[in-house]
Amino acid sequence: MSLNFFLRVSVACLAAVIVNTVVAWYFIIAIIPIFILYLYIMRFFVATSRELQRLESISRSPVFAHFSESLGGLTTIRAFNVQETFAKNILAKIEKNNVAYLYLQTSNRWLGTRLDFIGSLIVLIAGVVSLGSAYAGELAPSLVGLSITYALSISNSLNWVIRQAADVEMQMNAIERTSHYTSIDSEPYEGNKEPSESWPDKGLITLDNVHARYAKGLDPVLHGVTVTLEPTQKIGICGRTGSGKSSLTLCLFRVIDMFKGKISIDGEDISKLSLTTLRKHLSIIPQDPVLFNGSIRFNLDPFVEQDDDDLWRSLEISQLKEVVSELEFGLDSPVTEGGENFSVGQRQLFCLARAFLRKSKILIMDEATASIDIETDDIVQSIVRTAFKDRTVITIAHRVSTILDSDKIITLDNGRMVEFDDPESLLEQEDSIFASLDNRSNSYQIGK
Ligand SMILES: Nc1ncnc2c1ncn2[C@@H]1O[C@H](COP(=O)(O)OP(=O)(O)OP(=O)(O)O)[C@@H](O)[C@H]1O
């Protein structure tokens, strides 16, 4: 549509110049300096407005981000009575955006006055040239009218062309951003090996001299971790803040760059598998349990692979059967965005039910019980001990009590595995880090 219009306007513009030149040939000589001036203004305006548009876009995003974050945290904002601070913050961001917007509009006005001036100049030239010719008797009065009418249309057309050109440049900002995102390296999804259907059927995890870092150019966060986790073992990982507990689990999912060493699960080198295969076969319960907008059924079984009996069984195991059966629509009851209509503990239990349903042989719990009460923590631990007894479970602990009954404890320090033993033996060694963390357990925290 726009291209069609653009072509029509361009042809109309050309026709107007030809008509004026035919009416009085010196019109073309007079129009050349104006055309050069026009090009100069066009280049100046397009370059400026492009940058102003970019500033406007950049300053607009924080306004939306702040607004949606404030909406999400309304209760916290009110609880701390910091409404005024948040209002001030968003007003400052809006003001910044308004400044950019104002400059953008001002530049448009700047262009408007110059284009009007150039347009009037063209009409003036056409008028003077054709009237001069008419006085000299070379031109019929009707042709004077024709010439001025066409000159008026030139100024309108030029105005339109310059604005469209500027607009295209401005909108190209979006293309520039998109092309930036398309050129970002993505994770290597493809694998060159497909494991057997039943993989992993035991849950044996072997880490051999694992070195990992968050990105090329950053310092390594794991330095040569070597350990074998036997099938069905319950392993607790502890260590001070920043010791590399989460990084170790991220390595299992190949989220971070393992630049040296090897991790095998049931004999398969995970670096050779496709990411989809690898991640499909591991389950993780993060500290912030994730539930999606939809029904309970969708949250438990997004790929519709299980029947209702299995779903109810998983809810029974995670002690949610009663809660769900009391809801009006049972399994089809709605879950709001982020699972806000359930408590954090219940969300953890839903995640546990989901992990149980997926039947993956390996479950990773990353400080999963950090933000729930001790009672729910106990429920989670007892579910792990019973329903997950035939699976390998790695628990990053927030409370010492959480991992006290693990089969083995891994203690990390500065990205190195410094202890690997059963909890009793480690507690007996008074100089062990695990024992020192246990001594601090009055605070119920490890590494915090
Ligand atoms: N996204 C990241 N980018 C770069 N470095 C990171 C990133 N996340 C963590 N690190 C670094 O990796 C190291 C290990 O962090 P990690 O989160 O694994 O520790 P942690 O033991 O899980 O700590 P916490 O108990 O606080 O969760 C730290 O030095 C940290 O600074």
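Residues numbered from 1 in each chain as written. Predicted model: local features only at pLDDT ≥ 70, side-chain atom pairs only at ≥ 80, totals over all residues. Heavy atoms only, no water.

The name an unreviewed UniProt entry assigns to the protein is Putative ATP-binding cassette sub-family C member 9 isoform X2, from the organism Stichopus japonicus. For the record of the protein, the UniProt heading Subcellular location (unreviewed entry) holds the text "Endomembrane system". We quote the UniProt Sequence similarities (unreviewed entry) comment for the protein here in full: "Belongs to the ABC transporter superfamily. ABCC family. Conjugate transporter (TC 3.A.1.208) subfamily." (UniProt positions renumbered as here; feature names shortened; annotations may be inferred.)

**Details of helix H9 (residues 308-317)**
For H9, the full list of buried residues reads Leu 311, Ser 314, Leu 315 and Ile 317. Projected onto a plane normal to the axis of H9, the buried residues spread over an arc of 160° and lie on a single side. Phi for Gln 319, located one or two positions after H9, is positive at around 60°. (Buried < 20%, exposed > 50% of the residue type's maximum accessible area, 1.4 Å probe, protein only. Helix = DSSP H or I, 4+ residues; strand = E, 2+ residues; numbered from the N terminus. Arc of directions from axis to C-beta.)

**What to know about the nonpolar core**
If you look at the biggest cluster of nonpolar residues, it comprises 29 residues, and the most contacted ones within it are Ile 296, Leu 300, Phe 350, Leu 352, Leu 363 and Phe 388. Those elements that provide at least two residues to this core are helix H8 (296-300), H9, helix H11 (344-358), strand E9 (362-366) and helix H12 (374-386). The greatest single-element share of this core, amounting to eight residues, is contributed by H11. Beyond its immediate stretch of four places on either side in the chain, Leu 352 contacts Ile 285, Leu 363, Val 380, Ile 383 and Phe 388. (Core = buried A, V, L, I, M, F, W, Y, C linked by side-chain atoms within 4.5 Å. Contact = heavy atoms within 4.5 Å.)

**Focus: the site of the ligand**
Around the ligand, 13 residues are found, and the nearest of them are Val 221, Gly 242, Lys 245, Ser 246 and Ser 247. In the environment of the ligand, an oxygen atom lies 3.5 Å from a nitrogen or oxygen atom belonging to the side chain of Thr 241. One of the backbone nitrogen or oxygen atoms of Gly 244 is found 3.1 Å away from an oxygen atom of the ligand. Surface burial for the ligand is 59%, taken as the share of its 630 Å² of free accessible area covered by protein chains. With three residues, helix H6 (residues 245-252) is the largest single contributor of residues to the shell around the ligand. Grouping the constituent residues of the shell around the ligand by class yields three nonpolar, six polar and four charged. (Near = heavy atom within 4 Å. Polar contact = N/O pair within 3.5 Å; in protein donor to acceptor, adjacent residues only side chain to side chain. Areas by Shrake-Rupley, 256 points an atom, 1.4 Å probe, with all protein chains shown as cover. Nonpolar A, V, L, I, M, F, W, Y, C, P; charged D, E, K, R; others polar.)

**A word on the sheet that holds E9**
Read from one edge of the open sheet, six strands run E6-E9-E10-E3-E11-E12, paired in mixed fashion. Sheet topology places strand E6 (282-285) and strand E12 (416-421) at the edges, where each strand pairs with a single neighbour. Neighbour to neighbour, the strand axes of the sheet diverge by 20° on average, direction disregarded. Judged from the four bridges that link them, E6 and E9 form a sheet pairing that is parallel. Within the sheet, the bridge partner assigned to Ile 285 lies in E9 and is Met 365. (Pairing = 2+ DSSP bridges. Axes fitted to C-alpha atoms, helices over the stretch in contact; angles between N-to-C directions.)

**Here's the deal with empty space enclosed by the protein**
Under the criterion given, the structure shown has two cavities of 30 Å³ or more. Lining the largest cavity are Lys 234, Ile 235, Gly 236, Gln 381, Val 384, Arg 385, Val 393, Thr 395, Thr 402, Asp 405 and Ser 406. Within the residue set of the lining of the largest cavity, elements represented by two or more residues are strand E3 (234-239), H12 and strand E10 (392-396). Of the residues assigned to the lining of the largest cavity, the class counts are three nonpolar, five polar and three charged. If you add up the space inside the second largest cavity, you get close to 60 Å³. Residue assignment for the lining of the second largest cavity shows that the elements contributing at least two residues are strand E2 (220-229), E3 and H6. A per-element tally of the lining of the second largest cavity places H6 first, with three residues. Class assignment for the residues of the lining of the second largest cavity results in nine nonpolar, one polar and no charged. (1 Å grid on protein atoms, 1.4 Å probe; cavity = no way out; pocket = protein on both sides within 12 Å on 5 of 7 lines; lining within 4 Å. Points joined across faces, edges and corners; volume = space filled by probe spheres on them.)

**Considering the confidence of the model for the protein**
The predicted model of the protein has a mean per-residue pLDDT of 87, with 96% of residues at 70 or higher. When the criterion is pLDDT under 50, residues 442-448 qualifies, and its contacts beyond four places in sequence or with other chains add up to 21 contacts. (pLDDT = per-residue confidence, 0-100.)

**Some remarks on a nonpolar patch on the surface**
A contiguous nonpolar patch, built from Leu 37, Tyr 40, Phe 44 and Phe 117 and spanning about 440 Å² of accessible area, is present on the exposed surface. Ranked by the residues each element gives to the nonpolar patch, the list is headed by helix H2 (residues 27-72), at three residues. Tracing the backbone through its elements, the reader meets Phe 44 in helix H2. (Patch = residues over 30% accessible without salt bridge, like charges linked within 9 Å, V, L, I, M, F, W, Y side chains within 5 Å. Salt bridge = Lys/Arg side-chain N within 4 Å of Asp/Glu carboxyl O.)

**Details of the pairing of E2**
Note that strand E1 (residues 205-213) and E2 share six bridges and pair antiparallel. The partner of Leu 207 across the bridge, within E2, is Val 227. Hairpin connection of E1 to E2: six residues between the antiparallel strands, including Gly 217 at a positive phi of 95°.

**Considering the domain arrangement of the protein**
Its domain assignment divides the protein into domain 1 (2-182) and domain 2 (205-443). Here the C-alpha centre of domain 2 lies 57 Å away from the C-alpha centre of domain 1. (Domains from an automatic or database assignment.)

**Description of the packing of aromatic side chains**
Summed over all chains, the structure comprises six aromatic pairs. Note on Tyr 40 and Phe 44: the rings are 6.4 Å apart at their centroids and 20° apart in plane angle, and the pair reads as stacked. On the criterion of helical spacing, the pair formed by Tyr 40 and Phe 44 is a turn pair, its members being four residues apart in helix H2. Judged by its relative accessible area of 56%, Tyr 40 falls in the exposed class. Each ring, one from Phe 44 and one from Trp 110, has its centre 5.5 Å from the other, and the planes form 40°; the classification is tilted. Here the residue Phe 44 occupies a position in helix H2, and Trp 110 occupies one in helix H4 (residues 83-135), the gap between them amounting to 66 residues. Accessibility expressed as a relative area gives 28% for Trp 110, which makes it partly exposed. An aromatic cluster is present here, built from Tyr 40, Phe 44 and Trp 110 joined pairwise through their rings. Against the face of Phe 259 rests Arg 213, its NZ or CZ located 4.3 Å from the ring centre. If you follow Lys 408 out to its NZ or CZ, it ends over the ring of Phe 420, 5.6 Å from the centre. (Phe/Tyr/Trp six-rings, centres within 6.5 Å; stacked < 30°, edge-to-face > 60°. Lys NZ or Arg CZ within 6 Å of the ring centre and 35° of its normal.)

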